[in-house]
Amino acid sequence: GAPAGTMEDAAAANEQRDERDPEEEARRRDLRDCRRMFYLGFAGLPWLWLVNWFQYRAPSTPTGDPEVHKYATRSLAGAVVGFAAFIAYVVFVQLTWRDWAPDDFMVNAPPAKHSF
């Protein structure tokens with residue numbers, strides 16, 4: 001038969017495997033949250049990409065988790081593109097709204113009957 005020490009060692013190893021490594025749990029949680037925030041940014045929320053990058057930029061170093069690095073980098077790129085598109089839209093509207101026909105897109109409020 002096997003020595004008694006071997007059985008105890010195997011039981012201790014199984015017990016150790018059952019306990020979760022706090023660092024591994026934190027890494028999984030960070031990856032899950034980073035991935036969720038990245039995909040939520042596609043819902044028209046480029047500011048969330050910026051928050052995602054800001055939150056996970058430090059762990060996105062080459063020594064950190066490469067998946068977190070991937071989503072953090074892509075979040076920054078998405079935020080830059082999203083904000084650039086928004087700024088281009090605002091500039092376009094501000095420069096061209098006077099050329100639109102009055103009935104196209106503008107809402108005209110009736111004049112107030114009473115002046116206070």
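A brief report on the enclosed structure follows. It should be emphasised that the depicted structure is a prediction, and the values quoted were computed from it without experimental measurement. (Residues numbered from 1 in each chain as written. Predicted model: local features only at pLDDT ≥ 70, side-chain atom pairs only at ≥ 80, totals over all residues. Heavy atoms only, no water.)

Quick look at the environment of Arg 35
Argument step 1. Mapping Arg 35 onto the fold places it in helix H2 (residues 22-40).
Argument step 2. For Arg 35, a relative accessible area of 32% corresponds to the partly exposed category.
Argument step 3. Separated by 17 residues in the primary sequence, Arg 35 and Asn 52 have C-alpha atoms spaced 9.0 Å apart.
Argument step 4. Residue contacts for Arg 35: discarding those within four places in its chain leaves Glu 67 and Tyr 71. (Helix = DSSP H or I, 4+ residues; strand = E, 2+ residues; numbered from the N terminus. Buried < 20%, exposed > 50% of the residue type's maximum accessible area, 1.4 Å probe, protein only. Contact = heavy atoms within 4.5 Å.)

Topic: the packing of helix H3 (residues 46-56) against helix H4 (residues 66-96)
Argument step 1. Running from amino to carboxyl end, H3 crosses H4 at an angle of 145 degrees, the nearest separation of the two axes being 8 Å. For H3 against H4, the interelement crossing comes out left-handed. Packed against H3, whose contacting residues are Pro 46, Trp 47, Trp 49, Leu 50, Asn 52, Trp 53 and Tyr 56, the element H4 presents Val 68, Tyr 71, Ala 72, Ser 75, Leu 76, Gly 78, Ala 79, Gly 82 and Phe 83 at the interface.
Argument step 2. Split by residue class, the contact of H3 with H4 holds 12 nonpolar, 4 polar and no charged. (Axes fitted to C-alpha atoms, helices over the stretch in contact; angles between N-to-C directions. Left-handed = near helix turned anticlockwise from the far one by under 90°. Nonpolar A, V, L, I, M, F, W, Y, C, P; charged D, E, K, R; others polar.)

Some words on the nonpolar core
Argument step 1. The biggest cluster of nonpolar side chains holds 11 residues, and these are Leu 31, Cys 34, Met 37, Phe 38, Leu 48, Trp 49, Tyr 56, Val 68, Tyr 71, Ala 72 and Ala 79.
Argument step 2. Listing elements by their share of this core, those giving two or more residues are H2, H3 and H4.
Argument step 3. For Leu 31, the contacting residues outside a window of four places in its chain are Asp 65, Glu 67, Val 68 and Tyr 71. (Core = buried A, V, L, I, M, F, W, Y, C linked by side-chain atoms within 4.5 Å.)

Things to note about the pattern of salt bridges
Argument step 1. Scanning all chains against the criterion turns up 6 salt bridges.
Argument step 2. Linking Glu 24 and Arg 27 is a salt bridge whose minimum nitrogen-to-oxygen distance equals 2.7 Å. Here Arg 27 and Glu 24 lie together in helix H2, a separation of 3 residues that amounts to about one turn.
Argument step 3. Classification of Arg 27 by relative accessible area gives partly exposed; the value is 32%.
Argument step 4. One salt bridge in this structure joins Asp 65 and Arg 27, with 2.9 Å as the shortest N-O distance. Taken together, the positions of Asp 65 in the loop between H3 and H4 and Arg 27 in helix H2 put the pair 38 residues apart, joining distant regions of the chain.
Argument step 5. One continuous salt-bridge network, built from bridges that share partners, spans Glu 24, Glu 25, Arg 27, Arg 28 and Asp 65. (Salt bridge = Lys/Arg side-chain N within 4 Å of Asp/Glu carboxyl O.)

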